[in-house]
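# Tertiary structure, described
Spelled out, the chains give:
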Amino acid sequence: MADAPTYAIVLPVYNLAAVVGTVLGGLTEPTWNRIDRMIVLDNHSTDGTPDAVQGFINANPDIADRIDLVRNERNLGYGGSVTKGLRLAMEVSGHVAIMHGDDQADWDTVLTDLYERFTSVPGCDIVLACRFSPGSDTSGYGLARRFGNHFFNHATALLTGVRMSDAGTAMILARTDLFRGLPLEHLDQGYMFHPYLNLLLFDGPGVTTAEVPLMWKDASVDNHFRLIRYGLGLLRVLTLYGFRRRILRRSPARSLGIDVDNPSHP
């Protein structure tokens, strides 16, 4: 059996005042006992989300010292918040999980499944919760989004040669060492952050991976995700990546347009 780690959680939130308290309150005591630090990154919400998070902290003094509420002075984008959170997590724990502050999943179940799988795979580096692996349930997920994600799973494999059950998954538990040295700030800082990150992580040898099924549904709060714009942008990224990686034989970072010697100038 692998080691049984505690971990930090990166939790980006934006305009989720209506649900974030319920989401946090849904985590059980065994889950909280495994959490070194929960890093909640409010992305300059306008609806009182940070007040809702602070209210939860105030109401739960037994875990308050493990919750850091980070208020971004401006909206960094979804990926920008995750990048900031991963950098902070590296400072406080050897492992990190990413979850969301909306109600698209039962987060206690997700974190438990990730943890149990991580600790059962010897030498595991990262576990992904996948919407389309055997045992997953997306019956509550919109048809257009289900179709779009299936399409991009196949497109990722076809264009880049990288095969994953869920190429865009954001729900992970991983060793923080896995992210050290990665040019996180130069990946897409919006919703395409995870497809970029997953290509960097999985297009190469030496990473021991595992996955768990995910019960996934549409959120009750609009996250302002725009499927068509996202899809067209991602298709362009995958096409260019495949050409640079498979034809020009560039590294994964360079295939994403990042100059690894001077990453500020892609």
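Below you will find a few notes about this structure. Bear in mind the structure is a predicted one, so any value in this text is a computation, not a measurement.

### Quick word on the sheet that holds strand β4 (residues 95-98)
If you walk across this open sheet you meet the seven strands as β3-β2-β1-β4-β7-β5-β8, and the pairing is mixed. One side of each edge strand has no neighbouring strand; the edge strands of this open sheet are β3 (67-71) and β8 (209-213). When strand polarity is set aside, the average angle formed by the axes of neighbouring strands in this sheet is 20°. As judged from the three bridges shared by strand β5 (residues 126-130) and strand β7 (residues 172-175), these two strands associate in the antiparallel manner. Its bridge partner being in β7, Ile-126 is matched across the sheet by Ala-174. Its contacts with the sheet place helix α5 (residues 107-120) against β1 (7-13), β4, β5, β7 and β8, and it is angled at close to 140° to β5.

### Thoughts on helix α7 (residues 193-202)
Given 3.6 residues per helical turn, the α-helix brings residues three or four places apart onto the same face. For α7, the buried fraction is high: 10 of the 10 residues fall into the buried class. Among all positions in α7, only Phe-193, His-194, Pro-195, Tyr-196, Leu-197, Asn-198, Leu-199, Leu-200, Leu-201 and Phe-202 are buried.

### Brief notes about the packing of aromatic side chains
One pass over the full model with this rule turns up five aromatic pairs. Seen in terms of ring centroids, Trp-32 and Phe-56 are 6.4 Å apart; in terms of plane orientation they differ by 20°. Their pairing is stacked. Taken together, the residues span a long stretch of sequence, with Trp-32 in helix α2 (residues 29-32) and Phe-56 in helix α3 (residues 49-59) at a distance of 24 residues. Looking at Trp-32, the relative accessible area reads 5%, which means it is buried. In this structure Phe-56 comes out as buried when scored by relative accessible area, which is 10%. Consider the rings of Tyr-78 and Tyr-191, whose centres lie 5.7 Å apart with planes at 20°: the pair is stacked. Highlighted residues: Tyr-78 in helix α4 (residues 78-92) and Tyr-191 in the loop between β7 and α7, separated in sequence by 113 residues. A relative accessible area of 14% places Tyr-78 in the buried class.

### A word on unusual backbone geometry
Of note in the backbone geometry, Asn-15 takes a positive phi value of approximately 50° without being a glycine. Looking at the element boundaries, Asn-15 is found in the loop between β1 and α1 (20-25). In this structure Asn-15 comes out as buried when scored by relative accessible area, which is 16%. Of note in this structure, Arg-249 is not a glycine but carries a positive phi near 65°. Accessibility expressed as a relative area gives 68% for Arg-249, which makes it exposed.

Reading the values: rules and limits
Residues numbered from 1 in each chain as written. Predicted model: local features only at pLDDT ≥ 70, side-chain atom pairs only at ≥ 80, totals over all residues. Heavy atoms only, no water. Pairing = 2+ DSSP bridges. Helix = DSSP H or I, 4+ residues; strand = E, 2+ residues; numbered from the N terminus. Axes fitted to C-alpha atoms, helices over the stretch in contact; angles between N-to-C directions. Contact = heavy atoms within 4.5 Å. Buried < 20%, exposed > 50% of the residue type's maximum accessible area, 1.4 Å probe, protein only. Phe/Tyr/Trp six-rings, centres within 6.5 Å; stacked < 30°, edge-to-face > 60°.

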